[in-house]
Amino acid sequence: MGNLIATRPPQPWTAPTASDPVAATLRLPGSKSMTARALVLSALAGGPSTLAGPLRARDTELMAAGLRAMGAHMSISDDERWLVRPHPLVGPAHVDVGLAGTVMRFVPAVAGLADGRITFDGDPQARTRPLGPLIGALRSLGARVDAPATGSLPLTVLGAGRVAGGEVVIDASASSQLVSGLLLAAPRFDRGVVVRHVGPPVPSAPHLRMTVQMLRAAGAAVDDGTPDVWVVEPGPLTGRGWEIEPDLSGAVPFFAAALVTGGEVTLQGWPRSSAQPVEQLRSLLQRMGGEVTLSTDGLTVRGTGAVHGIEADLSDVSELTPALTALAMLADSPSVFTGVGHIRGHETDRLTALAREFTALGADITESPDGLEIRPRPLHGGVFETYHDHRMAHAAAVAGLAVPGIELSDVACTSKTMPEFPALWSALVTGKS
């Protein structure tokens, strides 16, 4: 079991229970993954860039602040349109990563390109997240990195204004972000980079495809035609306009609400061609009893009045595990989720945390090394610890739709990726905007 750090504020937030089917059309904030990648690529580009519809949340504000600390010009006062003007990167600077995997894994490679000393640290829990493979890879590519023997925060990158680059072997089985962090900065390395993954499968493959797609959109030459090998040629990145999609992971609790209540939820502004794993989500929700359609109105999920248990490998969509676990708790048959052992190293050990908190509410749920087995039975109310983890809060909210009296120890942790979550969720359930 991983480290579970729990604090209990004096006033928990009671998840609202649905008395009627939900019916809502929502416009949710932008994708955290796309916003983070666009900020990094824009800071390394040869000209200014804009981000339309970016996500304003703790993780993305920390990303912007970290890049700004090294010299990039960030104008993010307008919620709808952010402007990034690249500038030579310099130290000394300090980057607060908070608890954001994107910041702690994307920015160190950028810091190698800065001229000066760049220090990194974050929330106490951030020091438990795996960075060793990234640190080793950066050193082998020519960057100077001072870090504890544990391969974790706090760390210091002694930037020399350039990184030699070249070929590197990495075990990225703990997180696809370990590869993305190298690829995003690689066009600015003297020799680019060849990244070879050796080890168990890299999780969250759609996020790697997003990284490659966005690199190419910024003008980089990327070859990902060989499994577990990524080649990025050295060359300039182009400033451009980025259209940020709505966040699919953040939308999942709202879609789950449609299944739990037999209602309907439409997410507006969904593109016809998406960089996010829409098809995987569509398949999962359909198997669990939902109807999913994409039209000019947006992405719509309808409940059919029943929720079914499923067996599924969630390795490509591990961020969905907490919300889908809550949905599985309310199903008419058991579920088995596998392929997500790496989420033990996320904001908290999510598998242990989910098993612990739902068991406390009366659930029959068992951990396996890489997943969960869920056998639905009646749940009861109680305090649900969130462990500073936004996805844990989402899981508790979904369960609360059908189970009165579930109290989230800290709903404010949802500000990590969606500060509006408590208000949006209450409006969804009550039907009052």
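The rules behind each value
- Residues numbered from 1 in each chain as written.
- Predicted model: local features only at pLDDT ≥ 70, side-chain atom pairs only at ≥ 80, totals over all residues.
- Heavy atoms only, no water.
- Helix = DSSP H or I, 4+ residues; strand = E, 2+ residues; numbered from the N terminus.
- Rg over C-alpha atoms; globule rule 2.2 N^0.38 Å.
- Buried < 20%, exposed > 50% of the residue type's maximum accessible area, 1.4 Å probe, protein only.
- Contact = heavy atoms within 4.5 Å.
- Areas by Shrake-Rupley, 256 points an atom, 1.4 Å probe, with all protein chains shown as cover.
- Lys, Arg positive; Asp, Glu negative; His and termini not counted.
- Charge placed at Lys NZ, Arg CZ, Asp CG, Glu CD.
- Arc of directions from axis to C-beta.
- Core = buried A, V, L, I, M, F, W, Y, C linked by side-chain atoms within 4.5 Å.
- Axes fitted to C-alpha atoms, helices over the stretch in contact; angles between N-to-C directions.
- Parallel < 35°, antiparallel > 145°, perpendicular 65-115°, else oblique.
- Left-handed = near helix turned anticlockwise from the far one by under 90°.
- Salt bridge = Lys/Arg side-chain N within 4 Å of Asp/Glu carboxyl O.
- 1 Å grid on protein atoms, 1.4 Å probe; cavity = no way out; pocket = protein on both sides within 12 Å on 5 of 7 lines; lining within 4 Å.
- Points joined across faces, edges and corners; volume = space filled by probe spheres on them.
- Nonpolar A, V, L, I, M, F, W, Y, C, P; charged D, E, K, R; others polar.

> Can you walk me through the overall build of the protein chain in this structure?
Summing up its helical and strand segments, the protein chain has 12 helices and 23 strands in all. Relative to the compact-globule value of 22 Å for 433 residues, the protein chain shows a C-alpha radius of gyration of 21 Å, a close match. For the protein chain, the C-alpha atoms occupy an extent of roughly 60 × 45 × 45 Å along the three principal directions. Burial statistics for the protein chain: of 433 residues in total, 58% are counted as buried. Considering only intrachain contacts with a sequence separation of at least 6, the fraction spanning at least 24 residues in the protein chain is 73%. Carbon and sulfur atoms make up 50% of the accessible area of the protein chain, which amounts to about 15,600 Å² in all. Side chains of the protein chain carry 34 positive and 42 negative charges; the gap between the two charge centres is 5 Å.

> Could you clarify how one ought to interpret helix α4 (residues 132-140) in this entry?
The set of residues buried in α4 consists of L134, I135, A137 and L138. Projected onto a plane normal to the axis of α4, the buried residues spread over an arc of 165° and lie on a single side. Along its buried surface, α4 packs onto α3 (101-111), β8 (145-146), β9 (155-160), β10 (166-170) and α5 (177-185). In the segment just after α4, G142 is the residue with positive phi, at about 110°.

> Whenever I open this one, the nonpolar core confuses me. Can you help?
One recurring pattern in soluble globular proteins is that nonpolar side chains are buried together. Counting residues in hydrophobic clusters, the biggest one holds 78 residues, and the most contacted among them are L67, M70 and F120. Beyond its immediate stretch of four places on either side in the chain, M70 contacts P88, L89, V90, A93, V107, V110, A111, A114 and I118. Counting residues in each nonpolar core, the second largest holds 74 residues, with V252, A331, L379 and C413 among its members.

> In this structure, what is going on with the packing of helix α10 (residues 350-360) against helix α11 (residues 390-400)? I would like to understand it.
Working note: a packed helix pair is described by the angle between its axes plus the distance between those axes. Closest axis-to-axis distance for the α10/α11 pair is 11 Å, and the angle between their directions is 30°. Viewed along their axes, α10 and α11 adopt a mutual orientation that is roughly parallel. Our pair here, α10 against α11, has a crossing hand that is right-handed. Residue-level inspection shows R350, A353, L354, E357 and F358 of α10 in contact with α11, the latter providing H390, R391, M392, A395 and A399.

> Can you walk me through the pattern of salt bridges in this structure?
Pairs may arise between side chains of opposite charge once their charged atoms sit close together. This model, assessed by the stated rule, comprises 18 salt bridges. Of the charged contacts, one joins E167 and R196 as a salt bridge, the two residues approaching to 2.4 Å between their closest N and O atoms. With E167 in strand β10 and R196 in strand β11 (residues 193-197), this pair connects stretches of sequence that are 29 residues apart. You can call E167 partly exposed: its relative accessible area is 48%. Across the pair E373 and R375 runs a salt bridge whose closest N-O atoms are separated by 3.5 Å. For E373, a relative accessible area of 35% puts it in the partly exposed group.

> Please clarify how empty space enclosed by the protein should be interpreted in this entry.
In this approach, a probe sized like a water molecule rolls over the atoms, and the result shows the empty space that is left. By the definition in use, this model includes four cavities of 30 Å³ or more. In this structure, the largest cavity is lined by 33 residues; those nearest its centre are S33, Q177, S204, H207 and E319. Residue assignment for the lining of the largest cavity shows that the elements contributing at least two residues are α1 (32-43), α3, α6 (205-217) and α7 (248-261). The residue makeup of the lining of the largest cavity, split by class, is nine nonpolar, 14 polar and 10 charged.

> Where do I start with the environment of A360 in this structure?
By secondary structure assignment, the location of A360 is in helix α10. By relative accessible area, which is 47% here, A360 ends up partly exposed. Separated by 24 residues in sequence, A360 and F384 place their C-alpha atoms 8.2 Å apart.

> I'm lost on the layout of surface pockets in this one. Help?
Of the pockets and cavities examined, the largest pocket occupies roughly 380 Å³. Residue lining of the largest pocket: 18 residues in total, with L28, P29, G30, G53 and E80 positioned closest to the centre. Among the residues making up the lining of the largest pocket, the classes are represented as seven nonpolar, four polar and seven charged.

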